[in-house]
Amino acid sequence: QVQLEESGGGLVQPGGSLRLSCATSGSVFAFSSMGWYRQAPGKQREFVAFITAGGNTNYADSVKGRFTISGDNAKRTVYLQMNSLTPEDTAVYYCYMHMRTTYWGQGTRVTVSS
């Protein structure tokens, strides 16, 4: 009934940019927040960014000033614009949507390497 699907990952050189998308489907109504986590190989999953239903945003210190989270109400989609990428940003990126329960996407892989 409710599904999230990430896209936009891939291979990019250091200093490059990518835009990730998280498309929702099903009965999506009155969510509290949507956002992104990431998990690098052999490391713990970490918070990246979120946006509330009112449009407020927050970012992890490691991505502040480089990443921007935004939403398109008509398309029911949340985006993560990623600039000035470094190898430390290499990870699988997961989208979530928090309502009465929390929904997760399957993830999209980002590799930053020359």
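Quick notes on the rules
Residues numbered from 1 in each chain as written. Predicted model: local features only at pLDDT ≥ 70, side-chain atom pairs only at ≥ 80, totals over all residues. Heavy atoms only, no water. Pairing = 2+ DSSP bridges. Helix = DSSP H or I, 4+ residues; strand = E, 2+ residues; numbered from the N terminus. Core = buried A, V, L, I, M, F, W, Y, C linked by side-chain atoms within 4.5 Å. Buried < 20%, exposed > 50% of the residue type's maximum accessible area, 1.4 Å probe, protein only. Contact = heavy atoms within 4.5 Å. Phe/Tyr/Trp six-rings, centres within 6.5 Å; stacked < 30°, edge-to-face > 60°. Lys NZ or Arg CZ within 6 Å of the ring centre and 35° of its normal.

Our focus in this paragraph is the pairing of strand β7 (residues 67–72). Direction of pairing for β7 relative to strand β8 (residues 77–82): antiparallel, over a ladder of six bridges. Counted as the bridge partner of F67 is M82 from β8. Where β7 hands over to β8, the hairpin turn is made up of four residues, of which R76 adopts a positive phi near 50°.

Here we take up the nonpolar core. In terms of nonpolar packing, the biggest core is built from 28 residues, with W36, V48, F67, I69, L80, M82 and Y93 touching the most fellow members. Elements with a contribution of two residues or more to this core: β3 (18–25), β4 (33–39), β5 (46–52), β7, β8, β9 (91–98) and β11 (108–112). When residues in this core are grouped by element, the largest group, four residues, is from β9. The contact partners of F67, leaving out residues within four places of it in the chain, are R38, V48, Y59, L80, Q81, M82, N83, L85, D89 and Y93.

This structure, assessed with the given rule, holds five aromatic pairs. Judged by centre distance (5.6 Å) and plane angle (45°), the rings of Y96 and W104 are tilted. Taken together, the aromatic side chains of Y37, F47, F50, Y96 and W104 make up a single cluster linked through ring pairs. For the cation-ring pair, R45 lies above Y94, with the distance from its terminal atom to the ring centre recorded as 4.1 Å. Positioned above the aromatic ring of W104 is the side chain of R45, whose terminal nitrogen or guanidinium carbon lies 5.4 Å from the ring centre.

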